[in-house]
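So you can see what is in the structure, the chains are spelled out below.
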Amino acid sequence: MKIGFLGCGNMGSIYAGYLSQVHDVYVFDVSEATIDSVKKNGILIDEPDGTTLSFRPKMATTNPDDIGPCDLMIVFVKYMFLADALRNAHAMFDDHTMVMSLQNGIGNTDEIAKVVPTNQILCGTTAHGGNTIAPGHVRHAGTGATQIGTIDPANMDKVREIAAAFEAAGLPCDAKEGNPLNLVWHKLFANIVINAQTALLNVQNKFTNDNEDAHYLGDKMVREAIAVANATGGHFDVEEEVKGAFNVAVLTGENRSSMLQDVDNKRRTEIDIINGAVVKLGAEAGIPTPYNDFIVHMIHAKQATY
Ligand code: PAF
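Residues numbered from 1 in each chain as written. Predicted model: local features only at pLDDT ≥ 70, side-chain atom pairs only at ≥ 80, totals over all residues. Heavy atoms only, no water.

> Help me get a handle on the environment of Asp46, residues and values and all.
By secondary structure assignment, the location of Asp46 is in strand E3 (residues 43-46). When the C-alpha atoms of Asp46 and Val138 are compared, they prove to be 6.2 Å apart, with 92 residues separating the residues in sequence. Side-chain polar atoms of Asp46 contact the side chain of His137, separated by 2.7 Å. (Helix = DSSP H or I, 4+ residues; strand = E, 2+ residues; numbered from the N terminus. Polar contact = N/O pair within 3.5 Å; in protein donor to acceptor, adjacent residues only side chain to side chain.)

Structure representation (structure tokens):
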């Protein structure tokens, strides 16, 4: 399968690296430092067991026109840059290409849909985590299943084919039937507990489970999020989802969350499509979300200190 990557940051590196073992992987990133490093050393991934793996994609380039249409294009670009990035990389897809987001937050597929027909869009979630060591060099901080789905049931065979392609590359992957937004919400509940708090407090994920006050706030925020999800078409069991969200904080305990890494690097965060999405959809559905609203403003204020 010809698989193109839009973005080779932490998650792009992990997926492009593993998939390049058995597929034709083409990597596009605007960062020359990243692409130079990948060309010279391959994609470098430090695994939890202490080994460093080097993966060689078929091509790494700063020019998307070099790549041509792919069978699957995986986007790992933040939502606020996503539509423009896709327009710039139009050479990487045509009407046979499936375009897939595995990113955090509610709103990535809406951004993709500004450029790509909705029947070509897939989405899902990842349990992998990564921290940057240097451009093109990532510490693999967490592993687990990738879950993928499609809004258009006619694409289910393609979803299964892609899941099999991931499995062949050593990446466990489930093809999930039903509305993929359920996958995105489920992952979002963990992000609600973990991301903003770790970013504000400069702590590892496990703190949000272990510290009494952080646990209290995480619990309030995630219950608001589940109420909003359920008021907008979801059927989530509240206690099960609360437990599951804190369990992610335990399982990824040593991670520095993606939002903490953004704050560390003085980058704009994904707050508006994580807690911010809960506030927005809550207002539309008449569900109060004061804890999420508070933390959205705290992160905006933090971003203003950069
Ligand atoms: O955004 C992240 O960092 C990850 O989605 C998660 C699950 C919180 C683990 O760090």
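> Residue-level account of unusual backbone geometry, with values.
The backbone of Asn202 sits at a positive phi, close to 55 degrees, despite the residue not being glycine. Residue Asn202 is classed as partly exposed on the basis of its relative accessible area, which comes to 47%. (Buried < 20%, exposed > 50% of the residue type's maximum accessible area, 1.4 Å probe, protein only.)

> Residue-level account of the packing of aromatic side chains, with values.
Across all of its chains, the model carries 5 aromatic pairs by this definition. Taking the centre distance of 5.2 Å and the plane angle of 85 degrees together, the rings of Phe189 and Phe236 count as edge-to-face. You can see Phe189 sitting in helix H6 (residues 181-201) and its partner Phe236 sitting in the loop between helix H8 (212-231) and helix H9 (238-251), a full 47 residues away along the chain. Of the two residues, Phe189 and Phe236, both sit in the buried class. One aromatic cluster in this structure is built from Tyr15, Phe76 and Phe166. Its end group placed over the ring of Tyr26, Lys2 keeps NZ or CZ at 4.6 Å from the ring centre. (Phe/Tyr/Trp six-rings, centres within 6.5 Å; stacked < 30°, edge-to-face > 60°. Lys NZ or Arg CZ within 6 Å of the ring centre and 35° of its normal.)

> I'd like a description of H8, backed by residues and values.
When the terminal C-alpha atoms of H8 are compared, their 29 Å separation across 20 residues agrees well with the 28 Å that a helix rising 1.5 Å per residue should span. What H8 keeps buried is the set Ala214, Gly218, Asp219, Met221, Val222, Glu224, Ala225, Ile226, Val228 and Ala229. By the N-cap criterion, in which a side-chain oxygen at the helix start approaches the backbone nitrogen of a residue two or three places on, H8 is capped by Asn211, the distance to Asp213 being 3.0 Å. Within two residues after H8, Gly233 carries a phi angle of roughly 110 degrees, on the positive side. (Expected span 1.5 Å × (residues − 1).)

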